[in-house]
Amino acid sequence: MNLLFILFLGAIAVYVLYAAISGKGRLYNADFIKEALKAKFHKVMRLMYLALGLVMLLEAAVMAGQTYLFEADDYFVAESYYDANGHYYEITMDEDTETYYQTVLGETTPVRLYTYEEMLEQDFIEVDDSGNVTDIYLYKTSTYPAYAKDSDGNYYFTETYYDADGVRHRITEDDGVYSEKVGGNAETEVIKYTEEEFIATFEFNETDLSKPVLNVTKTNPNSDEDESTTTAAASTSLLSCMGTTTTETNNPTISYLTMAHKSDFLSSISYETFSTLNIVFMVLSLVILVAIFVAIRLMTDKEKKNKARVTNTPASGLPSSAFDFDEDDGEK
């Protein structure tokens, strides 16, 4: 899609430049220009079309540079998720600094960054021979409940869960304080465990808590409804979404922090510079188009134009101009 738009914009720029240099073409067809201003009109239009063509050509070149000279780098997961081991990562963003943070087991740090190769090494993603993502091994939701670690090093659950006996533990939160209601019993303060108790009680495979809880689930074991989350093959390239990629299932968005040069060509120009130039050239194009519209309006002989409308005999078979938006109130 980017390539087609760049080619389209470049083709228009070349046509406008040709019209400006040759002084010929349908771009100069405008009826009802004042007789005394016809020569001036042609000169003014040539200058404006020359400026417009150059700006549009530069904009197409900048867009091509943004698209083909850079590739995403420093990937991170931009939504809260569970990793393949069942650990919950709460992702938040500081709106003032637009910095992402992750909270895992009660500890908050800046979000971890990965290169494309590191994501493959971490088994976050699986790709085919063409680089298309076929699976993302991260989950927005999980059959495992989230848990946290307090300042004393004790662990507790922060999501409702069912224990190994199928008893529901309803977890609620009020102003940062968690409560727990077990079965039909009264609500109490959430149960907390030391690291040793937590590992022993909920049967972690590893003492570093790097494996999922085996005998606790968010899915009601007494229900026939399958509440678990499954993944399906992704159908999009990791680099095709200009910064994000998602699958068609319940996977979190993977975003990137920076854009890195693919080669040494124009390596001194940053991606941010390309982005700024793109905006500048886009604004300049709009300004020149408005100037062309205003120039045509100012040089139009309104009296001659109105007479032609009343008699329904325009001076030529061509429209007054491509920029004529007058209402046809006087037409009969």
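In the block above lies the structure referred to throughout.
Undergrad: Please set out the sheet that holds strand β4 (residues 99–104) residue by residue, giving values where relevant.
TA: An order of β2-β3-β4-β5 is seen for the 4 strands of this open sheet, with the pairing classed as antiparallel. Each having just a single partner strand, β2 (81–82) and β5 (107–110) make up the two edges of the open sheet. Two elements, β4 and β5, share 4 bridges in a ladder whose sense is antiparallel. By the bridge assignment for β5, Gln102 is matched with Thr109.

Undergrad: An account of the side chain of Thr103 is needed here, citing residue identities and associated values.
TA: When you line up the elements, Thr103 lands in strand β4. Judged by relative accessible area, Thr103 falls into the buried class, the value being 18%. Reaching out from Thr103, the side chain makes a polar contact with the side chain of Thr108 at a distance of 2.8 Å. For Thr103, the contacting residues outside a window of four places in its chain are Tyr88, Tyr89, Glu90 and Thr108.

Undergrad: Can you lay out the packing of helix α1 (residues 2–22) against helix α2 (residues 38–68) for me, pointing to particular residues and giving the numbers?
TA: Their axes nearest at 8 Å, the elements α1 and α2 cross at an angle of 155 degrees. Considering their axes alone, α1 and α2 lie roughly antiparallel with respect to each other. Relative to α2, the crossing made by α1 is left-handed. Looking at side-chain class alone, the contact of α1 with α2 contains 20 nonpolar, 5 polar and 2 charged residues.

Undergrad: Now, about the packing of aromatic side chains: what can you tell me, with residues and values included?
TA: Per the stated rule, a full pass over the model turns up 13 aromatic pairs. Summarising the aromatic geometry, the rings of Tyr156 and Tyr178 are spaced 5.6 Å apart at their centres and angled 50 degrees between planes, so their arrangement reads as tilted. Highlighted residues: Tyr156 in strand β9 (residues 155–157) and Tyr178 in strand β12 (residues 177–182), separated in sequence by 22 residues. Given the relative accessible area of 12%, Tyr156 is considered buried.

Undergrad: Would you mind going over the environment of Glu107 in detail, with residue names and values included?
TA: Here Glu107 lies in strand β5. The residues contacting Glu107, other than those within four sequence positions of it, are Gln102 and Lys149.

Undergrad: For the pattern of salt bridges, give the residues involved together with the corresponding values.
TA: Under the definition given, this model contains 3 salt bridges. In this structure, Glu35 engages Lys38 in a salt bridge whose closest nitrogen and oxygen atoms are separated by 3.4 Å. Residue Glu35 is classed as exposed on the basis of its relative accessible area of 57%. Taking the shortest distance from any N to any O, the salt bridge between Arg170 and Glu187 comes out at 3.9 Å. With Arg170 in strand β11 (residues 168–174) and Glu187 in the loop between β12 and β13 (188–189), this pair connects stretches of sequence that are 17 residues apart.

Undergrad: Requested: an account of the pairing of β12, with residues and values cited.
TA: Judged from the 6 bridges that link them, β11 and β12 form a sheet pairing that is antiparallel. What sits directly across from Ile171, in β12, is Glu180. Connecting β11 to the antiparallel partner β12 that follows it, the hairpin turn spans 2 residues, and Asp175 within it adopts a positive phi of roughly 55 degrees. Of the pairings in the sheet, the one linking β12 to β13 comprises 2 bridges and is antiparallel in character. Residue Glu180 lies in a different strand from β13, and its bridge partner there is Thr188. With antiparallel pairing between neighbouring strands as the criterion, β12 and β13 make up a hairpin whose turn holds 5 residues, including Gly183 at a positive phi of roughly 55 degrees.

Undergrad: So what's going on with the sheet that holds β12? Residues and values would help.
TA: If you walk across this open sheet you meet the 4 strands as β10-β11-β12-β13, and the pairing is antiparallel. Two strands close off the open sheet at either side, each with one partner strand: β10 (161–162) and β13. When β10 meets β11, the two strands line up antiparallel, connected through 2 bridges. Its bridge partner being in β11, Tyr161 is matched across the sheet by His169.

Undergrad: Can you lay out the environment of Tyr161 for me, pointing to particular residues and giving the numbers?
TA: Structurally, Tyr161 is set in strand β10. Classification of Tyr161 as buried rests on a relative accessible area of 1%. Along the sequence, Tyr161 and Thr217 sit 56 residues apart, while their C-alpha atoms lie 5.6 Å from each other. If near-sequence neighbours (up to four positions away) are discounted, Tyr161 is found in contact with Pro145, Val167, Arg168, His169, Ile171, Glu180, Tyr193, Phe202, Val216 and Thr217.

Undergrad: Can you tell me about a negative patch on the surface, naming the residues and giving the values?
TA: A surface patch of like charges, here negative, comprises Glu71, Glu117, Glu118 and Glu121. The greatest single-element share of the negative patch, amounting to 3 residues, is contributed by helix α3 (residues 116–121).

Undergrad: How would you sum up α1? Please name residues and give values.
TA: Compared with an ideal rise of 1.5 Å per residue, which puts 21 residues at 30 Å, α1 spans 30 Å between its outermost C-alpha atoms and is within 8% of the ideal. Every buried residue of α1 is accounted for by Ile6, Leu9, Gly10, Ala13, Val16, Leu17, Ala19 and Ala20. At its buried positions, α1 is contacted by α2. Positive backbone phi, approximately 75 degrees, marks Gly23, located one or two places after α1.

Scoring rules and cut-offs
- Residues numbered from 1 in each chain as written.
- Predicted model: local features only at pLDDT ≥ 70, side-chain atom pairs only at ≥ 80, totals over all residues.
- Heavy atoms only, no water.
- Pairing = 2+ DSSP bridges.
- Helix = DSSP H or I, 4+ residues; strand = E, 2+ residues; numbered from the N terminus.
- Buried < 20%, exposed > 50% of the residue type's maximum accessible area, 1.4 Å probe, protein only.
- Polar contact = N/O pair within 3.5 Å; in protein donor to acceptor, adjacent residues only side chain to side chain.
- Contact = heavy atoms within 4.5 Å.
- Axes fitted to C-alpha atoms, helices over the stretch in contact; angles between N-to-C directions.
- Parallel < 35°, antiparallel > 145°, perpendicular 65-115°, else oblique.
- Left-handed = near helix turned anticlockwise from the far one by under 90°.
- Nonpolar A, V, L, I, M, F, W, Y, C, P; charged D, E, K, R; others polar.
- Phe/Tyr/Trp six-rings, centres within 6.5 Å; stacked < 30°, edge-to-face > 60°.
- Salt bridge = Lys/Arg side-chain N within 4 Å of Asp/Glu carboxyl O.
- Patch = residues over 30% accessible without salt bridge, like charges linked within 9 Å, V, L, I, M, F, W, Y side chains within 5 Å.
- Areas by Shrake-Rupley, 256 points an atom, 1.4 Å probe, with all protein chains shown as cover.
- Lys, Arg positive; Asp, Glu negative; His and termini not counted.
- Charge placed at Lys NZ, Arg CZ, Asp CG, Glu CD.
- Expected span 1.5 Å × (residues − 1).

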